[in-house]
Every structure is written in structure tokens, then in C-alpha cells.
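Fold and contact review
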There are 2 protein chains.
Amino acid sequence: MSLPRIAIDAMGGDEGVRVMVAGAALARTRYPQVRFLLVGDQEKIGKALDAHPDLRAISEILHADDVIAGEDKPSVALRRAKTTSMGMAIHAVKDGSAGAAISAGNTGALMAIAKLALRTMPGIDRPALAAILPTLQPSDLVMLDLGANTECDARNLVQFAIMGAAYARIANSQPTPRVRLLNIGTEEIKGTESLRDAAAVLKDAAGVLSMRFDGFTEADKICRGEMDVVVTDGFSGNIALKAVEGTARFVGDLLRRSFASSLRSKIGFLISRPATELLKHQLDPNNHNGAVFLGLNGIVVKSHGSANALGVANAVGVTQRLLEEHLTERIAADLARLGEDTLRAPRKIAVEAGQ
Amino acid sequence: MSLPRIAIDAMGGDEGVRVMVAGAALARTRYPQVRFLLVGDQEKIGKALDAHPDLRAISEILHADDVIAGEDKPSVALRRAKTTSMGMAIHAVKDGSAGAAISAGNTGALMAIAKLALRTMPGIDRPALAAILPTLQPSDLVMLDLGANTECDARNLVQFAIMGAAYARIANSQPTPRVRLLNIGTEEIKGTESLRDAAAVLKDAAGVLSMRFDGFTEADKICRGEMDVVVTDGFSGNIALKAVEGTARFVGDLLRRSFASSLRSKIGFLISRPATELLKHQLDPNNHNGAVFLGLNGIVVKSHGSANALGVANAVGVTQRLLEEHLTERIAADLARLGEDTLRAPRKIAVEAGQ
């Protein structure tokens, strides 16, 4: 059975159509099953495809007149969902002409359009943005939410844990993912009431959900490879992710500066180039590109605005994997297994939800 | 006029008295004016001083029978404030027999005892924990709150900004510090209501306060040297700080692993050693040790539990500088200049405070 194709918003991202098409072409060489619906300015896409005849053979173009700009507010983007490349790519998932959508455009707009068009899955109150981070171990880390929800209650956090675990099972081929909640200490009394309540639910439900709930983690431990999923609200998640990205760049800059500080260091740098290239490869955000909106009736993947063709190809790889492994169906099955009752317990959360 | 002496909780920290005394001895060689009150087990301190006769000459020992353990809850610590080395060091500040206290013990306990013994300054609702972070520029960054307050309202954030700016004026010798609020985007509509309200107050009051308020910053920009103060609630601040620390260590580990990956890389590493040593120096947390509790009637500095003698000496350096520059008096003057009215504006905050 062939997999559904992937709709690509060809106009999003800092460099637009050229990089998106080059990324799709690179992905084609890696994932032989992949097929595309390229959404955007027909003429520009056609021109970009001239350099990639093999890609043209597995792609259809869907013309869109309009583009959502980086600074457009979600409310503005929503009104133009039917005429823009981003909106039309998502609507292709809604009407079944594609199985998933990828865009490198404005995250807020993408979230708003995807939520309205695809709706959240039964049992999920709010979708979450999840990304993969590298760790010191061979396994990667799934972290969510990364900014879709500024404030979250315990119920949201529990749902994020379920969705993150489903993602980790696919990303890390790990049947029983190790899940933790991000907090400012590991003792049970630490953090907000929402965190403590979510921890109580996850502790009880971990067995039913085929996950291991290991309690809280602090932000300095997340890249050590001791966990598969880190769950947090969108505010803290965004802060943590950006602090990680900024520091990796900061250390890289310091390193470059240190190596340039003397002739001897420059020579050492040239000799140890394979080592620094290896490091550069591990820290290059293009190698971890593709954040996934989880909890919607359909797969929507955000490619970084500054991603290059390699980054776009990796986002396609993430998307293809999630289609192959039926992520949405798996999350639905987990939610059904858990049942509404458990999701509302303990009493504290029921009270909160009733407010 | 000689400066007041510094009370050191000699028993705190992972390695206790030996490191604390060695750190004080190192500090003595750097800061000729410094004098100490060493608080803890008389016999152990006396023994540690045998190796440091010059330190003994400028120190007095204050015997404490008891020690607060790393896992002691704040409530337990409070009950033992009068008999423990940590509690007695803080009480020395309260009764005027020392000008400031340093401890490498349990942060929660230190905060609780300091708050109860020294009380918050008039005009400050809650104290905040502030630390210095390195940046790509010669100037350092003051970041607060780092975990003293899990949830903060706009009024708290404005007060943190005032205290952080006073600290940055001293740390960076920068008369008009550039202040930003940590958020998940830089647009005015981003983040929580507390953040937006605090931004409105700071925008209006920046002139009166001799600071430059530059709006919001995201967590990936904080180490670039484009700001002097980053203000945030204690939850996000703790997450950001630990994410920075963890990533710096993570990249360091990857780098070591990369250099060990081949003989060629190992040779390159040996040649470029001065460069990697420079990097190691810049990233060593001991070089940025000493987080300050701001907003109390007295100076209390937290030294990292794992700090070595160099780290402790740096914490003493921070403390001595704050005494010399009269940090507490300066914050009081700023608060007086601003006046209660401005601190309560805008209306939103007055309403919140009245709830």
C-alpha cells in the first residue's frame, strides 16, 4: 500500500521556494516512497523544478496566489487560509489530498490554521509543538510543548506526555519511553500545582500507557540521554529550547574565537578539523529540523525558517516516518486505552477543569 | 573607613570546611581589605586554618554546633536557624557583626532563613536570586530571578528589574544598564499578562530609573552581550540558567569525544590546548560563582555547592564588591526615586495587587 503524499508549503521560510524544492529533491533520494504536493506560486515552483526532473516526476503543483508573511498575526493568517500556500497545504491534509503538511512559515499562523482546519483529536484539549533534541547517547530526546500553549494545566501536561511518548516510540524505536516533567527541582514538592498534579496522574497511569514515568527533571539534565520525553508548558519549553540553541551557538562562537587566538591554535584547529566538523554536525540545527504539532487530526510539521535544503529534507524524513508509523492513530489508541476517567483524575484536576 | 567583614558558613557545600577556608584564603590574597567571620565547627575550622596563617590573622571563628543538610526542607532549617552555621552566619548580618553572609549550603534553606532574619527592603515584596553569566562581549549579564519565586506578578518583575539594574551598575560599571524581560517572542503581544504589564511599567519608568528598557528577549539571545540585565520569574529563570549550564557541559562533552575520535584529532587537540583551555576557563562555572539574594536588608550570597576554592574566592569577590559599592543602599535609593505610585501603575497591576 502506498503512503499518502506530503503537502509542502513551498513559499515559506527565509529563502522560500528554492530551498523548499531543493530540500524535497534531496528527500526524494533518501525516501524512495515519498511523493509531494508542492503548494505555492505555480510559475516559481515550475522554475525551481527545472533543476530537479526526478522530483517533478513524483510531485504535483497546487497553485496558491498568496503567501503568509513572517510578521502576519495568526488572526490575519486565518482569514487568508484558503488562498495562501500555508493554508492550502493544511487544507490538503483536511480534504485527504495529502497525508501531512510541512511549512517553514510563521509558527503562530501555522498553529492557528492547523488547529482550525484539522481540529484537535478526541481526548486532546490542546495540541502541542514537539521537537527532537540530540543527546550524549545514541537516542534522541522528544521535548514538548515548545510554545504552542503559554499556560498549561495538569490535564494538558498529561496529554502532552501521552503524545510525546507516542512520538518517542517512533523516533527512538523505544517501546517504553522514559518520560519526565521539566521542573526546577526533582523533589516531589517542587514547582507549580499543575506540575505536581500531572506527576501524580502520570505515576498512576504509566503502566497502562506503556511508558516509564521517572518524575521531574531539571533543565541541565535534558541532553544527557537519561530520558526519551521531556514534558513542559509552552512558555518554559520555549525558554529551555532557545537557551539550549543559544548556548550551543555561544560555545561554538567562543571555540572559534579561542582557535583564532594564536597561530599555534590555528594549526591545531586545522589538524583537528575532523573532530570539530563532527561537533559541528552534531550541533547543526538542520540535522534536527522538523518540529511536529501533536494532537491534531493530521500531521503538520514546522521546518525552521532558516533551514537549508538538508534541513528541509530532514523535516520531510520526520514527516514520512510519522506517516509510515501512523502516529495519529497510535495517539488515538493510547488515549482510548487510558480512558476519560483517568485523564480527569486526580480530584484536583477535575476541580480545576470544572472552574 | 574599613568595610564590614563577611560571615562565611564554613560548613556548607559538597566538600565543606576545607574548600570554604581555602577559598577565603585565596580571596584574602586578592582583596586586601577583606575580613572574615568563619561560622561553624570551631575545631574543624581551626584545623583548616593551620594551613592558612595569613587568613587566621584577619578572621574570627564563630562556633556553631549544627549544620543544615542538603536535603533539609526550608521549614526544618528555619527551626534550627539559631544553632546552625548557615543560620548563625545570616544572624551575624542581622545583628551587625558582619556586613554580608556567604553560604554554599541548601538554597531553599538559605533563602528561608535570610528572608525571615533580614526581612525584605521597604518597597520590595519578594527577594530574588541573581547571578552573573558570561557573554560574548566583555560585559557580563545579570539574570534574575533564578528560583526564589516560582510564580511572579508584574509588580514583582518590575522590582526585580530595579534590583538587577542596581547590581549591573556595580558588576559592569555601566551607569545605564540595558534591561530586558525574558519572553517567548519579542512582539508586544507575546507571553503572559504579567510580562506585558511589567513591560508597560518599565517602558514608562526607565528614564527615572537610569536604565534602558529594551523590551523582551528570547532565551537564545541572552549570552550575546546585547543586554546587561535579564528579568524573569523564578521558574523560567531557573529553567533558562540550568539549560545554559547543561548545554555548555553537553557541548564540552561532545568536544572532548570528538577530539578523542582519532589519533589525528588527539594531536590537533594537544597543539590547540591553549585554545581549549581558554574556552574551559570561560565556561568554568567557578569563574562566575556567587549568586546574590537581592531585596533583603543585608547581602546574602549563595556559593555553588560544587564550587572549588577558586569558586569560593570569586563569591567572596562578588560579596566584597557589593559591600564596597553599597548595593543595598543603592537599591533603596532607586526605589525611593521611583515612588510607590509608579510601582503600582498601570491600573492592571493595582487591580491584581488588590485581589
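Residues numbered from 1 in each chain as written. Chains lettered and ligands numbered in written order. Predicted model: local features only at pLDDT ≥ 70, side-chain atom pairs only at ≥ 80, totals over all residues. Heavy atoms only, no water.

Looking up chain A in an unreviewed UniProt entry gives the name Phosphate acyltransferase, with the organism given as Novosphingobium umbonatum. Chain A has a UniProt comment under Subcellular location (unreviewed entry) that states "Cytoplasm". The UniProt entry for chain A carries the following text under Function (unreviewed entry): "Catalyzes the reversible formation of acyl-phosphate (acyl-PO(4)) from acyl-[acyl-carrier-protein] (acyl-ACP). This enzyme utilizes acyl-ACP as fatty acyl donor, but not acyl-CoA." (UniProt positions renumbered as here; feature names shortened; annotations may be inferred.)

The subject of this paragraph is the overall build of chain A. Tallying secondary structure elements over chain A gives 14 helices and eleven strands in all. Across the 355 residues of chain A, 57% fall into the buried class. Long-range contacts, defined here as pairs at least 24 residues apart, represent 72% of the contacts in chain A between residues at least 6 apart. Within chain A, the 40 negative side-chain charges are centred at a point lying 3 Å from the centre of the 41 positive side-chain charges. (Helix = DSSP H or I, 4+ residues; strand = E, 2+ residues; numbered from the N terminus. Buried < 20%, exposed > 50% of the residue type's maximum accessible area, 1.4 Å probe, protein only. Contact = heavy atoms within 4.5 Å. Lys, Arg positive; Asp, Glu negative; His and termini not counted. Charge placed at Lys NZ, Arg CZ, Asp CG, Glu CD.)

Right, let's get into the environment of Gly-108 of chain B. Inspection of the secondary structure assignment puts Gly-108 of chain B in helix 6 (residues 107-118). We classify Gly-108 of chain B as partly exposed; its relative accessible area is 32%.

All names here are of chain B. Interhelical geometry of helix 7 (residues 154-171) versus helix 12 (residues 309-324) gives an angle of 105° and a closest axis separation of 10 Å. For the element pair helix 7 / helix 12, the angle class is roughly perpendicular. Together, Tyr-167, Ile-170 and Ala-171 of helix 7 and Val-318, Arg-321 and Leu-322 of helix 12 make up the contact between the two elements. Tallied by class, residues from the contact of helix 7 with helix 12 come to five nonpolar, no polar and one charged. (Axes fitted to C-alpha atoms, helices over the stretch in contact; angles between N-to-C directions. Parallel < 35°, antiparallel > 145°, perpendicular 65-115°, else oblique. Nonpolar A, V, L, I, M, F, W, Y, C, P; charged D, E, K, R; others polar.)

A separate point is the sheet that holds strand 2 (residues 36-40) of chain A. All names here are of chain A. Pairing is mixed in the open sheet, where eleven strands are placed in the order 3-2-1-4-11-10-5-6-9-7-8. Each edge of the open sheet is held by one strand with a lone partner, namely strand 3 (59-63) and strand 8 (212-217). Between one strand axis and the next, the sheet turns through 25° on average, direction left out of account. Here strand 4 (residues 100-103) pairs with strand 11 (residues 299-302) via four bridges, running parallel. Residue pairing in the sheet places Ser-103 in a bridge with Lys-302 of strand 11. (Pairing = 2+ DSSP bridges.)

Further remarks concern the environment of Ser-210 of chain A. Residue and element names in this part refer to chain A. Along the chain, the position of Ser-210 falls in the loop between helix 8 (193-205) and strand 8. Of the residues examined, Ser-210 reaches a relative accessible area of 29% and is grouped as partly exposed. Distance from Ser-210 to Arg-178, taken between C-alpha atoms, is 9.7 Å for residues 32 residues apart in sequence. When sequence neighbours within four positions are dropped, the list of residues in contact with Ser-210 reads Arg-169, Pro-175, Thr-176, Pro-177 and Arg-337.

In this complex, chain A contributes 54 residues to the contact, which on the side of chain B involves 55 residues. Considering only the side of chain A, the residues that lose the most area to chain B are Leu-136, Ile-184 and Phe-250 of chain A, jointly responsible for 14% of the buried surface there. One can count four salt bridges joining chain A with chain B. Two residues, Asp-220 of chain B and Arg-249 of chain A, come together in a salt bridge whose shortest N-O distance is 3.6 Å. At the boundary of chain A and chain B, one finds two residue pairs in polar contact (both at pLDDT 80 or more). Mapped by element, the contributors of at least two residues to the side of chain A that touches chain B are helix 9 (234-259), helix 10 (263-271) and helix 11 (273-283) of chain A. Of the residues forming the side of chain A that touches chain B, the biggest block, 21 residues, is contributed by helix 9 of chain A. (Buried area = accessible area lost by both parts, 1.4 Å probe. Salt bridge = Lys/Arg side-chain N within 4 Å of Asp/Glu carboxyl O. Polar contact = N/O pair within 3.5 Å; in protein donor to acceptor, adjacent residues only side chain to side chain.)

With that out of the way, let us pick up the pattern of salt bridges. Counted by the stated rule, this structure contains 32 salt bridges over all chains. As a salt-bridge pair, Arg-169 of chain A and Asp-334 of chain A come within 3.1 Å of each other at their nearest N and O atoms. With a gap of 165 residues between them, Arg-169 of chain A in helix 7 (residues 154-171) and Asp-334 of chain A in helix 13 (residues 327-344) connect regions that are remote in the sequence. Note on accessibility: Arg-169 of chain A and Asp-334 of chain A belong to one class, buried. Between Asp-228 of chain B and Arg-178 of chain B there is a salt bridge; the shortest N-O distance is 2.9 Å. In this pair, Asp-228 of chain B is assigned in the loop between strand 8 (212-217) and strand 9 (229-231) and Arg-178 of chain B in strand 7 (residues 178-182), connecting sequence segments 50 residues apart.

Now for the domain arrangement of chain A. Residue and element names in this part refer to chain A. Domains assigned within chain A are domain 1 (6-118 + 292-307) and domain 2 (128-283 + 332-354). Taking the mean C-alpha position of each, domain 1 and domain 2 sit 27 Å from one another. Taken together, the contact pairs six residues of domain 1 with eight residues of domain 2. Together, Met-111, Val-292 and Leu-294 form the three largest contributors to the area buried by domain 1 at its contact with domain 2, with a combined 72%. Joining domain 1 to domain 2, the criterion identifies two residue pairs in polar contact (both at pLDDT 80 or more). Among the elements of the structure, helix 6 (107-118) and strand 10 (291-294) are those that each provide at least two residues to the side of domain 1 that touches domain 2. At three residues, the largest contribution of residues to the side of domain 1 that touches domain 2 is made by strand 10. Residues that form the side of domain 1 that touches domain 2 fall into these classes: four nonpolar, two polar and no charged. (Domains from an automatic or database assignment.)

Turning our attention to the nonpolar core. By size, the foremost hydrophobic cluster in this structure holds 250 residues, and its most contacted members are Phe-36, Tyr-167 and Leu-181 of chain A together with Phe-36, Tyr-167 and Leu-181 of chain B. The residues touching Tyr-167 of chain A, leaving out its near neighbours within four places in the chain, are Ala-130, Ile-132, Val-142, Gly-290, Val-292, Leu-294, Val-318, Leu-322 and Leu-327 of chain A. (Core = buried A, V, L, I, M, F, W, Y, C linked by side-chain atoms within 4.5 Å.)

With an RMSD of 0.0 Å, chain A superimposes on chain B once it is rotated by 180° and translated 0.0 Å along the axis. Both copies of the chain, as the preceding transformation shows, are related through a two-fold rotation axis. Among all C-alpha atoms of chain A, that of Gly-268 of chain A lies closest to the rotation axis, at 2.2 Å. Both copies present the same face, since 100% of the interface residues in chain A are matched by interface residues at the equivalent positions in chain B. (Least-squares fit on C-alpha atoms with pLDDT ≥ 70 in both.)

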